[in-house]
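This is what each chain is made of:
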Amino acid sequence: MSAIDLDAYLARIGYAGELAADLTTLRALHRAHLLAVPYENLDVQLGRPLTTDPAAAFEKIVRRRRGGWCYEMNGAFGLALEAVGFPVTRLAGAVLREALGAANHASHLVLKIDLDETWLADVGYGDGPIEPFQPGDGPYDQRGFEFGRERTEDGWWRMRNHRHAPRSFDVRLEPADEAELAGRCVHLQTAPTSVFVQNAIVQRHTPDGLILLRNRTLRHIWPDRTEERLVEGPVEYVAVLRDVFGLDLPEAEGLWPRICAQHEAALAPAPA
């Protein structure tokens, strides 16, 4: 991968600690990234093409102080980890593979970090774990949120999210097919059936929970409870992006009619 300005990345995530290719640093960088950089798909909503190029993701997230979706968040994070000295392998995950099968392969990018043991780093799942985790069997807890892991019969590792966002993704611990990742990236930002085309999604971690904005619904999540309210207009929407998620994106005001339509569509009953 290409060389990067590591100091600029560390400034972006507000990290001033020690740097070493060890588990302590990996955990600290993972947490710092998720506390500073929001997951967001607003470029999809604005019709701006995205790629799986890590250098482009780094430019967007670090230089332009934006967020990104999994290909961008884990792409930029992988570059930073390599600059520190970590051995990084890009893996192709499959969100909801247990329901969708092969149709959703390469819909998620995950990073494998081989230290004394294998760790998975994933700053691109939005509302997932705040620190790296290991493939394995059984539940594990991070700051009160319980996650699950299991080995599937066909040799994949399945990771289950917490109860407030109960979905899973599967991954194999082998290098991703980059062409497959690129193709799925195009599909997810252009297909009318894609959740990223149908919804404006912005998410970020806080020290004790999560904040999620899906179309008009702003939701705060803690391990034991949730609170939500509706954003009432385009001016407030831009203010929430700025004040809650750290995104200076005034052009998002023009998305408001689309966001309202998407909000109403999500509430509509499914066809009989």
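Now for a description of the structure that goes with this document. What you see is a predicted model; the values in this text were computed from it and never measured.

Here we take up the side chain of Ser194. Positionally, Ser194 belongs in the loop between helix H7 (178-190) and helix H8 (195-198). Only 2.5 Å separates the side chain of Ser194 from the backbone oxygen of Leu188, close enough to count as a polar contact. Discounting residues that sit within four places of it in the chain, Ser194 has contacts with His187 and Leu188.

Take the state of the cysteines next. Evaluation of the coordinates by the stated rule reveals zero disulfides. You can see Cys70 has no disulfide; the closest cysteine sulfur is in Cys185, sitting 7.9 Å from it. Residue classification places Cys70 among the buried positions, given a relative accessible area of 4%.

Attention now goes to the pattern of salt bridges. Scanning the model with the defined rule gives 20 salt bridges in all. Here Glu72 ties to Lys60 by a salt bridge, and the two come within 3.0 Å at their closest N and O atoms. In this pair, Glu72 is assigned in helix H5 (residues 70-84) and Lys60 in helix H4 (residues 54-63), connecting sequence segments 12 residues apart. Of the residues examined, Lys60 reaches a relative accessible area of 2% and is grouped as buried. One continuous salt-bridge network, built from bridges that share partners, spans Glu40, Asp43, Arg48, Lys60, Arg66, Glu72 and Glu251.

Glancing now at the sheet that holds strand S1 (residues 39-40). A sheet is described by the order of its strands in space; here five strands give the open sequence S1-S9-S10-S11-S12, paired in antiparallel fashion. Each end of this open sheet is capped by a strand with a single partner; those strands are S1 and strand S12 (225-230). The pairing of strand S11 (residues 217-222) with S12 spans six bridges and is antiparallel. Opposite His220, over in S12, you have Glu227 as the bridge partner.

The next subject is the environment of Glu150. Along the chain, the position of Glu150 falls in strand S6 (residues 145-151). Within polar-contact distance, the side chain of Glu150 engages the side chain of Arg160 at 3.0 Å.

This paragraph deals with the nonpolar core. Judged by nonpolar contacts, the single largest core of 30 residues is most densely connected at Tyr9, Leu29, Phe77, Leu81, Phe86 and Ile113. Listed by contribution, the elements that provide at least two residues to this core are helix H1 (6-13), helix H2 (23-36), H4, H5, strand S3 (105-114) and strand S4 (118-121). One finds Ile211, Val240, Leu241 and Ile259 within the second-largest nonpolar core, a separate group that totals 17 residues.

For the rest of this paragraph, the subject is the pairing of strand S10 (residues 209-214). Where burial is concerned, most of S10 is hidden: five out of the six residues are buried. Sheet topology note: the strand S9 (residues 201-206)/S10 ladder contains six bridges and is antiparallel. Within S10, the position partnered with Arg204 by the bridge is Ile211. Turn length for the S9-S10 hairpin, with the two strands adjacent in sequence and antiparallel, is two residues. Pairing analysis gives five bridges linking S10 to S11, with the strands arranged antiparallel. What sits directly across from Ile211, in S11, is His220. In this antiparallel pair of consecutive strands, S10 and S11, the connection spans two residues, and Asn215 shows a positive phi of 55°.

Closest axis-to-axis distance for the H4/H5 pair is 8 Å, and the angle between their directions is 95°. Put simply, H4 runs roughly perpendicular to H5. Every residue of H5 that contacts H4 at Pro54, Ala55, Ala57, Phe58, Lys60 and Ile61 is listed here: Glu72, Met73, Gly75, Ala76 and Leu79. Residues belonging to the contact of H4 with H5 are distributed by class as follows: eight nonpolar, one polar and two charged.

Rules behind the numbers
- Residues numbered from 1 in each chain as written.
- Predicted model: local features only at pLDDT ≥ 70, side-chain atom pairs only at ≥ 80, totals over all residues.
- Heavy atoms only, no water.
- Helix = DSSP H or I, 4+ residues; strand = E, 2+ residues; numbered from the N terminus.
- Polar contact = N/O pair within 3.5 Å; in protein donor to acceptor, adjacent residues only side chain to side chain.
- Contact = heavy atoms within 4.5 Å.
- Disulfide = S-S within 2.5 Å.
- Buried < 20%, exposed > 50% of the residue type's maximum accessible area, 1.4 Å probe, protein only.
- Salt bridge = Lys/Arg side-chain N within 4 Å of Asp/Glu carboxyl O.
- Pairing = 2+ DSSP bridges.
- Core = buried A, V, L, I, M, F, W, Y, C linked by side-chain atoms within 4.5 Å.
- Axes fitted to C-alpha atoms, helices over the stretch in contact; angles between N-to-C directions.
- Parallel < 35°, antiparallel > 145°, perpendicular 65-115°, else oblique.
- Nonpolar A, V, L, I, M, F, W, Y, C, P; charged D, E, K, R; others polar.

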